[in-house]
Amino acid sequence: MKNQQINQKYNRYVEARIPKTKAWPSLFNSFWVGGVICLIGQGINDALLYIFPSMAEQTAWAWTLIALIFIASFLTALGVYDKIGKFAGGGSIVPITGFSNSISSPAIEFKHEGIIYGTCVKMFTVAGPVIVCGVVASVVVGLIYYIAGLI
Amino acid sequence: MQYLWVFLIGGLVCMLGEVLIITTKITSARILVCFVLIGVVLQAVNLFEPLCAFAKAGINVPIIGFGASLAKGAIGAVKSYGLIGAFTGGLQATAGGIAAAIAFAFIFSLICKSKTK
Amino acid sequence: MQTIEFKRRPKIIAGYTIAGPKEGQGNFGKYFDYVMHDDIFGEKTYEMAERKMFEQAVTGALQKAGLKSADINLLLAGDLLNQIISSSYTARAFNMPYLGMFGACSTMAESLAAGATLIDGGYFENVVCLTGSHFSTAERQFRFPLELGNQRVPTSQWTATAAGAAVLSLHGKGASVCMATYGRVIDYGVTDVNNMGAAMAPSAADTLINHFEETGRKPSYYDLIVTGDLGKLGSDILIDLLEEKGIKLGANYCDCGHCYYSRRQDTMCGASGCGVSASVLNGYILNKLNKGEYRKVLFVPTGALMSTTASGQGESIPGVSHAIVIEAGE
């Protein structure tokens, strides 16, 4: 019991000693980098619809996202995306490019452990939870809609 | 004008992620999970479509869009194919993105090495 | 008693340091024997590069000491990787009897203290103490892939790419290891893996308090008191913790991790890793001791005994630190 109190006291003390960083610069950077990534997406989408006027909007969006995923994967391979990430934080994590980066980076990192046990197994160490949670949530939503439709 | 809204809303969504990072110290995997779930919920309560019509890429490019298409796929497939749609719809709708991310990651992992900082 | 005195005063007859390019640009850069041009060091993987650094450190130290590997009775080595592979594979290359050490970033003091004890006991003549760390191998084991675009939190520390080897011997000339205070494992319940300074500071405080009590010495007795890799936050906490007990650390105190990189290098709280204290001791401190600029040094590397498995299960991070007293030779 006494130990616990000492620990709590120490942790409170540490919390107070942690250097405070200014939040505004990083918020601003995440804002404009995130905005620019979305702008690039909109630009690609509009360009696709301009070049192929007959393309369905759904297909155009799919191509847009694939293009963004490719760009992010490529920048990760070049070793540039982590520098953008360090600068922009949430600005480069939240867009779909961050998802792509979180799949590409472990794939490249763990290639030395072999294609199967390195690249393929470790590919989802960061992005796995995203797919798992997203898919489970979508199944739940589907089930709810199915049950609601029965009533 | 459209582009201005895309920039502002996309930027705001990303900044929300940064606020989460600063205030709760959570790592990028958890942030992505949070935003995917936000997308699923937005779609489930039918709020995503009106947002998307207004903000376009500003809401579609953030991972929220990915969550929304998962939910949209599941809901649509349930309406057309019944119960099985709840399981097939979500991944079907997002297959392009996931497959692209996996394929590009695999190809680049064959070519490139990670660089030190 | 945690403190022991060595009657035969084993000597550090040679020390060799090797560091990465970023470390070479840091504050201790000019004291390193060899600065690598890149982190991969001509190898296929970063793990192999770390191993090659270790091998070069041993070869270099032996050369400086004028000994052959057959003259070495024992190799004491440790590192940060799982199952201390860098050390074991280095031992494989040198054909010496080998004991693996794990004290996280305190390994340099752990191996020197153990080596000095064994020599003082009369069982060995020449012992090599070796440790080091590599940014890229530690990063992938403890944190995230290198290319993942995330931000570092303000309390985080930068794992140094550096290795150091020391040859301890009964004979020869050099600074002597006079005392060692073996440390206890102390855990104040810090769970944040990005705040290792706070996790380790209590263990450093515990070891230092014991050392001063048992020897009856004051901090001012030493020309230099140097902790391992507490970083900026951790060393500030240590000063506070000791002040609570009435021990005042003065201008003769410094922390290797805090001073390791220059301010421009953007490493948040400073450096961490076995390589920090190993390279500062074998590079900077031995140099100053041999020149006579320092006479008595208290060397206290600190180790955060963390594991990703235990952290994942919600365990807090225990810390350990050992103190050794090194005095300049006559």
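As shown above, the structure is provided for reference.
Scope of this entry: the structure provided in the associated data block. (Residues numbered from 1 in each chain as written. Chains lettered and ligands numbered in written order. Predicted model: local features only at pLDDT ≥ 70, side-chain atom pairs only at ≥ 80, totals over all residues. Heavy atoms only, no water.)

1. Structural notes on the overall build of chain A
Then comes step 1: A count of helices and strands for chain A gives eight helices and zero strands.
Then comes step 2: Its C-alpha atoms give chain A a radius of gyration of 21 Å, more than 25% over the compact-globule value 15 Å for 151 residues.
Then comes step 3: With the principal axes as the frame, chain A shows a C-alpha extent of 70 × 50 × 40 Å.
Then comes step 4: Within chain A, the fraction of its 151 residues that count as buried is 46%.
Then comes step 5: Long-range pairs, those at least 24 residues apart, make up 51% of the contacts in chain A with a sequence separation of at least 6.
Then comes step 6: Summed over all atoms, the accessible surface of chain A reaches about 7,600 Å², with 73% contributed by carbon and sulfur. (Helix = DSSP H or I, 4+ residues; strand = E, 2+ residues; numbered from the N terminus. Rg over C-alpha atoms; globule rule 2.2 N^0.38 Å. Buried < 20%, exposed > 50% of the residue type's maximum accessible area, 1.4 Å probe, protein only. Contact = heavy atoms within 4.5 Å. Areas by Shrake-Rupley, 256 points an atom, 1.4 Å probe, with all protein chains shown as cover.)

2. Some thoughts on the pairing of strand S13 (residues 296-300) of chain C
As a general feature of sheets, a regular strand has side chains that alternate between the two faces.
All names here are of chain C.
Then comes step 1: Among the five residues of S13, four are classified as buried, and the element is accordingly described as predominantly covered.
Then comes step 2: Across four bridges, S13 lies against strand S16 (residues 323-327) in antiparallel orientation. Residue pairing across strands places Val297 opposite Ile326, the latter belonging to S16. (Pairing = 2+ DSSP bridges.)

3. Re the pattern of salt bridges
Then comes step 1: Per the counting criterion, the structure on display carries 16 salt bridges over all chains.
Then comes step 2: Among the ionic pairs, Lys52 of chain C bridges to Glu43 of chain C, the shortest N-O distance being 4.0 Å.
Then comes step 3: By relative accessible area, which is 30% here, Lys52 of chain C ends up partly exposed.
Then comes step 4: A salt bridge links Lys248 of chain C to Glu243 of chain C, with the nearest nitrogen and oxygen atoms 3.0 Å apart.
Then comes step 5: Of the residues examined, Lys248 of chain C reaches a relative accessible area of 60% and is grouped as exposed.
Then comes step 6: With a relative accessible area of 40%, Glu243 of chain C lands in the partly exposed category.
Then comes step 7: Shared partners join several salt bridges into a network, and the residues in it are Arg17 of chain A together with Lys232, Asp236 and Asp240 of chain C. (Salt bridge = Lys/Arg side-chain N within 4 Å of Asp/Glu carboxyl O.)

4. Thoughts on the environment of Gly197 of chain C
Then comes step 1: Along the chain, Gly197 of chain C falls in helix H6 (residues 196-215).
Then comes step 2: The residues touching Gly197 of chain C, leaving out its near neighbours within four places in the chain, are Gln157, Leu230 and Gly234 of chain C.

No statement about biological role is implied by the geometric values presented.
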